[in-house]
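Inside the fold
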Amino acid sequence: MRAVVVEGPGQITVTTVPDPTPGPNDVVVAVDACGLCGTDLHLVDGEIPVVNYPITPGHELAGRVVAVGGEVTRLAEGDLVAVDPSLPCGECRYCRKGKGNLCEPWQAIGISSPGGAAEYVQVQAKKCYPLPAGTPATAAALIEPLSCAVHGLDKVPHDLTDDVLIYGAGTMGLLLAQLLKRAGVNTLSVVDRRQDRLDVAGSMGVSAVATDAAALDSDGWDLVVDATGVVAAIEDGLGRVRKAGTFLQFGVADAKASANFSPFKVYNEEITIVGSMAVHNSFDRARDLLVSGAVDSDALITNTAGLNDYASALEEFRTGAGLKTQVLPSA
């Protein structure tokens, strides 16, 4: 089969590799769509310690089951599935506490084992979530990032009286916005430096958009979400949380970055600062939300490419062009 292989930092090839075969509890999935993510950039740039090169990337994937292991009973050839890429060990202190997303020897499909930027991928059957026939595979491949957004909102209180501000109108910010709008928060504002992304946010019915939070007419927000990982946005957002409010750090900042904030404000105004890491008991709910039509996937998928164009698609994604870019290995 053909697959993208990252031989080492900065070294991307598209080559022929052996076809995968299922173990007793595995299936083989023919990948129809695989989303690009900031994690893929970190992988290619050599910034993820757990990666063992060479590796086939791709952790946002969906496709059709084409082979089934001998002990698998709940899946059959032809089933359309979305794949949860997380591979917690089940043994470390965090897994034993039910926090597999914080697993100490954390691994994932497309990071520590071959991923979805290939014609086929071997997957544990328990990591496959069946979808109704006719579900577009491109939409199904959004379930992984959507499940991250679902987990993020699990971490914070929000109700119908809340005013919410999101920094970042990329794919993740817009997924969070759609979930919060569906939850019925009082007002929902979105800040981004790119007007084209703000236009998409506006089309989703948010209350207000701006390129700078200072331009919004507000005395603060009950919930402020950073979906950028940009230190300047984080620092600005921390200063705009109302008394008894919450700041959600959802965006992935550089591991060496630091942000300044007022400890006195956090103490004096009883502000809660919360982090959210990846997927946690949220994949099935994300699948159900997507199938129900709660998310406008068409508005988010702006670029597609074939396997041969993976490297150029990744570099275009790096520039911030469009929103979600997906590789279609069967194309």
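What this report covers is the structure whose coordinates are included nearby. (Residues numbered from 1 in each chain as written. Predicted model: local features only at pLDDT ≥ 70, side-chain atom pairs only at ≥ 80, totals over all residues. Heavy atoms only, no water.)

The helix and strand tally for the protein stands at 11 helices and 15 strands. Its C-alpha radius of gyration of 20 Å places the protein within 12% of the 20 Å reference for a compact globule of 331 residues. Projected onto its principal axes, the C-alpha positions of the protein cover 60 × 40 × 40 Å. Taking the intrachain contacts of the protein between residues at least 6 apart in sequence as the baseline, contacts between residues at least 24 apart amount to 70%. Surface exposure of the protein reaches about 14600 Å², of which carbon and sulfur atoms provide 49%. (Helix = DSSP H or I, 4+ residues; strand = E, 2+ residues; numbered from the N terminus. Rg over C-alpha atoms; globule rule 2.2 N^0.38 Å. Contact = heavy atoms within 4.5 Å. Areas by Shrake-Rupley, 256 points an atom, 1.4 Å probe, with all protein chains shown as cover.)

What follows concerns the packing of helix α4 (residues 143–154) against helix α9 (residues 283–292). Interaxial distance between α4 and α9 falls to 8 Å at its minimum, and their mutual angle equals 115°. Accordingly, the angle class assigned to the pair α4 and α9 is roughly perpendicular. Once α4 is placed against α9, the crossing between them reads as right-handed. Between α4 and α9, the contacting residues are Ile143, Glu144, Leu146, Ser147, Val150 and Asp154 on the first element and Phe283, Arg285, Ala286, Arg287, Leu289 and Leu290 on the second. (Axes fitted to C-alpha atoms, helices over the stretch in contact; angles between N-to-C directions. Parallel < 35°, antiparallel > 145°, perpendicular 65-115°, else oblique. Left-handed = near helix turned anticlockwise from the far one by under 90°.)

Let us look at the packing of aromatic side chains. Tallying each qualifying case throughout the model produces two aromatic pairs. On the basis of an interplanar angle of 40° and a centroid distance of 4.7 Å, the ring pair of tyrosine 129 and phenylalanine 283 is categorised as tilted. Taken together, the positions of tyrosine 129 in strand β7 (residues 128–130) and phenylalanine 283 in helix α9 put the pair 154 residues apart, joining distant regions of the chain. A relative accessible area of 2% means that phenylalanine 283 is categorised as buried. (Phe/Tyr/Trp six-rings, centres within 6.5 Å; stacked < 30°, edge-to-face > 60°. Buried < 20%, exposed > 50% of the residue type's maximum accessible area, 1.4 Å probe, protein only.)

All chains considered together, the criterion is met by 14 salt bridges. Between lysine 324 and glutamate 60 there is a salt bridge, with the nearest N and O atoms lying 2.9 Å from each other. Of this pair, lysine 324 sits in strand β15 (residues 324–327) while glutamate 60 sits in strand β4 (residues 60–68), and the two are 264 residues apart along the sequence. Among the residues examined, lysine 324 registers a relative accessible area of 4% and is labelled buried. For arginine 242, the salt bridge goes to aspartate 219, with nearest N and O atoms at 2.8 Å. With a gap of 23 residues between them, arginine 242 in strand β12 (residues 241–249) and aspartate 219 in the loop between β10 (208–210) and β11 (221–226) connect regions that are remote in the sequence. (Salt bridge = Lys/Arg side-chain N within 4 Å of Asp/Glu carboxyl O.)

It is worth spelling out the pairing of strand β1 (residues 2–8) at this point. When you tally the buried positions in β1, you get five out of seven residues, the bulk of the element. The pairing of β1 with strand β2 (residues 11–16) spans six bridges and is classified as antiparallel. If you follow valine 6 over to β2, its bridge partner there is isoleucine 12. The hairpin formed by β1 and β2 contains two residues between the paired strands, and glycine 10 there has a positive phi angle of roughly 75°. (Pairing = 2+ DSSP bridges.)

A few words on unusual backbone geometry. Trans is the prevailing form of peptide bonds, just as negative phi is the prevailing case for residues other than glycine. A cis amide bond links tyrosine 53 to the next residue, proline 54, at an omega of 0°. On the secondary structure map, proline 54 appears in the loop between α1 (38–44) and β4. One non-glycine residue with positive phi stands out, namely glutamate 270, at about 50°. Phi is positive for asparagine 281, close to 50°, though the residue is something other than glycine. Tracing the sequence through the fold places asparagine 281 in the loop between β13 (272–275) and α9.

Turning our attention to the packing of α4 against helix α5 (residues 171–183). Viewed as axis vectors pointing N to C, α4 and α5 meet at an angle of 55°, and their least axial separation amounts to 9 Å. Taken together, the axes of α4 and α5 lie oblique to each other. Of the two elements, α4 crosses α5, and the hand of that crossing is right-handed. Packed against α4, whose contacting residues are Pro145, Leu146, Cys148, Ala149, Val150 and Leu153, the element α5 presents Met172, Leu175, Leu176, Leu179 and Leu180 at the interface.

This next bit is on the sheet that holds β12. Taken together, the six strands give an open sheet; going across it, the order is β10-β9-β8-β11-β12-β13, and neighbouring strands pair in parallel fashion. The open sheet is flanked by β10 and β13, the only strands paired with a single partner. Within the sheet, the average angular offset between the axes of one strand and its neighbour, ignoring direction, is 15°. Examined bridge by bridge, β11 and β12 share five bridges and lie parallel to one another. Residue pairing for β12: aspartate 226 is matched across the bridge by glutamine 249. Sheet strands touched by α5: β8 (163–167), β9 (187–191) and β11. Its angle to β8, the strand with the most contacts, is close to 170°.

Our next topic: the environment of isoleucine 109. Mapping isoleucine 109 onto the fold places it in the loop between α2 (93–96) and β6 (120–124). Owing to a relative accessible area of 3%, isoleucine 109 belongs among the buried residues under this scheme. Excluding residues that lie within four positions of it along the chain, isoleucine 109 makes contacts with Gly58, His59, Leu61, Val83, Asp84, Pro85, Leu87, Pro114, Gly115 and Val123.

Fair warning: the whole summary comes from geometry, so function is off the table for now.
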